[in-house]
Amino acid sequence: MKSFVTNRVTPQAKIVNTNNRFGNNGIKKMQGSTVILYDTLPLTGSELRFFEGAQSRNFPETNCNDIGNRLAVGSSMAIESINLSIVTKDADGKVIAITPLSNATDVGILQSEIKITVANTEVVKKIPVLEWIPDFNVMADNQLCATYEFSTQVVLPPLLEFIVSCRLGDYTAVENTSLRLTIAGAGAIIAPQRTF
């Protein structure tokens with residue numbers, strides 16, 4: 001990734017500041033960590049709502065089946081990057097391929113757009129997925145990079161519902177194909193005794 005100074009506020013400071021405004025002053029005493037959350041949904045319909053209902057899906061479809069789409073008490077996260085990949089399964093449901101977005105061949109997927117809501121409030125306006133691929137991604141430093149890095153961090157406070165919606169373009173449906181969305185960034189996890 002290319003190095004850009006876009007914001008002097010660190011993700012950790014943004015997490016603490018945002019949680020303070022919600023009256024959650026204890027986050028600054030929690031354990032700092034890297035948090036990566038993902039959810040996988042079948043490529044059907046015109047809109048996918050990632051993390052909504054994640055508690056009903058199992059690993060490896062999601063790593064949020066224990067929390068759903070709300071972070072636990074004492075946990076918080078600043079979303080710093082987001083990416084998509086296409087998951088293909090065989091007729092028995094076994095994963096046979098995970099394709100990064102940079103290798104996607106369906107133009108309809110590239111015409112999609114993503115928005116993020118926290119507690120029914122839109123916190124990220126519609127981002128065209130086309131901006132994630134290397135030809136258009138200002139943060140990409142190679143022809144395989146399809147990770148979109150936010151210019152400012154989006155904070156997910158504890159216990160507030162978050163959903164990442166993907167409005168799909170005019171894609172060609174392929175049987176046994178799903179879309180996986182991954183968000184990553186600095187976070188706070190509960191530390192009842194001490195931090196490391």
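Before reading further, recall that the structure is shown in the block above.
As the structure is a computational prediction, the values presented were derived from the model and not from experiment.

Draft legend 1. Representation of the pairing of strand S8 (residues 162-167) within the structure. Where burial is concerned, most of S8 is hidden: five out of the six residues are buried. Across six bridges, strand S5 (residues 113-118) lies against S8 in antiparallel orientation. Pairing of Ile116 across the sheet is with Val164, part of S8.

Draft legend 2. Spatial organisation of unusual backbone geometry. Look at the link from Phe59 to Pro60: it is a cis peptide, with omega at 10°. Checked against the element boundaries, Pro60 lands in the loop between strand S2 (47-50) and strand S3 (76-89). Phi is positive for Asn120, which is not a glycine, with a value near 65°. Examined against the element boundaries, Asn120 turns out to sit in the loop between S5 and strand S6 (121-128). Relative accessible area serves as the criterion here: at 70%, Asn120 is assigned to the exposed category. Phi at Asn176 is positive, roughly 65°, even though this residue is not glycine. Checked against the element boundaries, Asn176 lands in the loop between S8 and strand S9 (177-189).

Draft legend 3. Spotlight on the sheet that holds S8. One open sheet accounts for four strands, arranged S2-S8-S5-S6; its pairing is antiparallel. Here the strands that pair on one side only, and so sit at the sheet edges, are S2 and S6. Geometrically, the sheet is characterised by an average inter-axis angle of 15° between neighbouring strands, direction not taken into account. Sheet analysis places S5 next to S6, joined by five bridges and oriented antiparallel. Bridge pairing links Ile114 to Ile127 in S6.

Rules behind the numbers
Residues numbered from 1 in each chain as written. Predicted model: local features only at pLDDT ≥ 70, side-chain atom pairs only at ≥ 80, totals over all residues. Heavy atoms only, no water. Buried < 20%, exposed > 50% of the residue type's maximum accessible area, 1.4 Å probe, protein only. Helix = DSSP H or I, 4+ residues; strand = E, 2+ residues; numbered from the N terminus. Pairing = 2+ DSSP bridges. Axes fitted to C-alpha atoms, helices over the stretch in contact; angles between N-to-C directions.

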